[in-house]
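Each chain, letter by letter, is given below.
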Amino acid sequence: MGGRLWKIGDRVFDLSRQGMIMGILNVTPNSFSDGGKFFAKEKAIEHGINIAAEGAQIVDIGGESTRPGAESIAAEEELQRVIPVIEGLRATIDALISIDTSKALVARSAVQAGASIVNDVTGGRGEKEMMPLVAETRSAFIIMHMQGTPRTMQIEPRYADVVSEITDFFRQQYANAIEFGIDPMAIAFDPGIGFGKTLEHNLELLAHLDQLRVHDRPLVVGVSRKSFLTKLIDSPEISDRGAAAVAFTSLLRARGADVLRVHDVKENANALRLTEAILQRTK
């Protein structure tokens, strides 16, 4: 089997042939993008079902806000938010479920409840138990880059060379993950657009995705509804960011992104499929 492969549970996906849409499901009362619209369990499960129906192969569930300035919450509270939703969705949909957390305790419970991907905004640096847990449970692992913490990350982020520094970070965390016994095929990387980056940093990373790829692992990219879009489209309205995200989905898939993490699933899934119809004719 050739191509860029990502192992998730007992399945292997060739992302060189077909990219994936990861739909965002925030189970928080203070999400920057939806203002806690899906905080109630029933609403969250309903939205997760809709996300899968609209074309998301992955539903990414997070119970702790990682918006700029956000404070951390206790693991017990995060568990109360996400586990009932994961259990409800696992019993209802066939889509893959990802847990967006930096806490090993939350990740373990989420995997036991039905998640098969651990999406860690700290890239495995937040808790020393995270990588051993991923190895033990044979979960897929998204290693994201973030400078600082959500509370501090947008306070004057600085890099000498943002592309080379994040590529080096990926190499280091890849080596650490392998040392802990994580399957290399289960690893994917996310440059963390907006996580400790200025507008210029974000654009530099998006313009050089090809240089960020380490060991031919998949790249996960999320730009959906992020604040840097407002500067590019000259509009402060979150509702105006949707079209910009759809444009990025097409552009970034053509430039090498393998998984697109989005809020507006239907529109982005359509954009991805149209883009791939063209890309397949250029090979």
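Coordinates for the structure precede this section.
Residues numbered from 1 in each chain as written. Predicted model: local features only at pLDDT ≥ 70, side-chain atom pairs only at ≥ 80, totals over all residues. Heavy atoms only, no water.

Novice: So what about the overall build of the protein chain? Which residues, and what values?
Specialist: Scanning the protein chain from N- to C-terminus turns up 10 helices and 10 strands. Principal-axis analysis of the C-alpha atoms places the extent of the protein chain at approximately 45 × 45 × 40 Å. A buried classification covers 57% of the 283 residues belonging to the protein chain. In the protein chain, 68% of the contacts between residues at least 6 apart in sequence involve partners at least 24 apart. Here the protein chain displays about 12500 Å² of accessible surface, and carbon together with sulfur accounts for 50% of that area. Charge separation in the protein chain, taken as the distance between the mean sites of 32 positive and 37 negative side-chain charges, equals 3 Å. (Helix = DSSP H or I, 4+ residues; strand = E, 2+ residues; numbered from the N terminus. Buried < 20%, exposed > 50% of the residue type's maximum accessible area, 1.4 Å probe, protein only. Contact = heavy atoms within 4.5 Å. Areas by Shrake-Rupley, 256 points an atom, 1.4 Å probe, with all protein chains shown as cover. Lys, Arg positive; Asp, Glu negative; His and termini not counted. Charge placed at Lys NZ, Arg CZ, Asp CG, Glu CD.)

Novice: So what's going on with the pattern of salt bridges? Residues and values would help.
Specialist: Evaluated as defined, the whole model comprises 18 salt bridges. Among the salt bridges present, the one from R81 reaches E77, with a minimum N-O distance of 2.5 Å. A residue pair is termed a helical-turn pair when its members lie 3 or 4 positions apart in one helix, as R81 and E77 do in helix α2 (residues 75-90) at 4 residues. According to the relative accessible area criterion, R81 is buried, its value standing at 11%. With relative accessibility at 35%, the residue E77 sits in the partly exposed group. The partner of R225 in a salt bridge is D264, and the shortest N-O contact between them spans 2.9 Å. With R225 in the loop between β9 (220-221) and α8 (228-233) and D264 in the loop between β10 (259-262) and α10 (265-282), the pair connects residues that are 39 residues apart, well separated along the chain. (Salt bridge = Lys/Arg side-chain N within 4 Å of Asp/Glu carboxyl O.)

Novice: Can you tell me about the sheet that holds β9, naming the residues and giving the values?
Specialist: Taken in spatial order, the 8 strands of this open sheet run β8-β7-β6-β5-β4-β3-β10-β9, and their pairing is parallel. Each edge of the sheet is formed by a strand with only one pairing partner; in this case those strands are β8 (187-190) and β9. Relative to strand β5 (residues 96-100), strand β4 (residues 58-62) runs parallel, the two being bridged by 5 bridges. Across the sheet, G62 pairs through a bridge with D100, a residue of β5. (Pairing = 2+ DSSP bridges.)

Novice: Please set out the nonpolar core residue by residue, giving values where relevant.
Specialist: By size, the foremost hydrophobic cluster in this structure holds 66 residues, and its most contacted members are L25, I61, L89, V221 and L252. Excluding residues that lie within four positions of it along the chain, V221 makes contacts with D190, P191, I193, L206, L209, L252, A257, V259, L260 and R261. With 14 residues, the next largest nonpolar core counts W6, M22, A140 and V220 among its residues. (Core = buried A, V, L, I, M, F, W, Y, C linked by side-chain atoms within 4.5 Å.)

Novice: Outline the environment of V220, supporting the account with residue identities and numerical values.
Specialist: Looking at the element boundaries, V220 is found in strand β9. Judged by relative accessible area, which is 1%, V220 ranks as buried.

Novice: So what about the pairing of β8? Which residues, and what values?
Specialist: On a regular strand, each side chain points to the face opposite its neighbour's, so the side chains alternate between the two faces of the sheet. Burial along β8 is two-sided: I187 and F189 facing one way and A188 and D190 facing the other are all buried. Where strand β7 (residues 140-144) meets β8, 4 bridges bridge the pair, whose relative direction is parallel. If you follow M144 over to β8, its bridge partner there is D190.

Novice: How would you explain the packing of aromatic side chains if you had to name every residue and give the values?
Specialist: Scanning the model with the defined rule gives 4 aromatic pairs in all. Ring geometry for Y174 against F189: centres 6.4 Å apart, planes inclined by 45°, an arrangement best described as tilted. Of the two residues, Y174 sits in helix α5 (residues 162-179) while F189 sits in strand β8, which places them 15 residues apart along the sequence. Here the two residues Y174 and F189 agree in accessibility, since each one is buried. Between F228 and F248, the aromatic rings sit 6.1 Å apart at their centres with planes inclined by 50°, giving tilted as the arrangement. Of this pair, F228 sits in helix α8 while F248 sits in helix α9 (residues 241-254), and the two are 20 residues apart along the sequence. Note on F228: relative accessible area 5%, which makes it buried. (Phe/Tyr/Trp six-rings, centres within 6.5 Å; stacked < 30°, edge-to-face > 60°.)

Novice: Pulling in residues and values, what's your account of the environment of I117?
Specialist: The residue I117 is located in strand β6 (residues 117-120) in this model. A C-alpha to C-alpha distance of 9.0 Å links I117 and I58, two positions 59 residues apart in sequence. Among residues more than four places away in sequence, those in contact with I117 are W6, I8, I58, I97, S98, I99, A140 and I142.

So, to be careful, I would describe these as geometric facts and stop short of saying anything about function.
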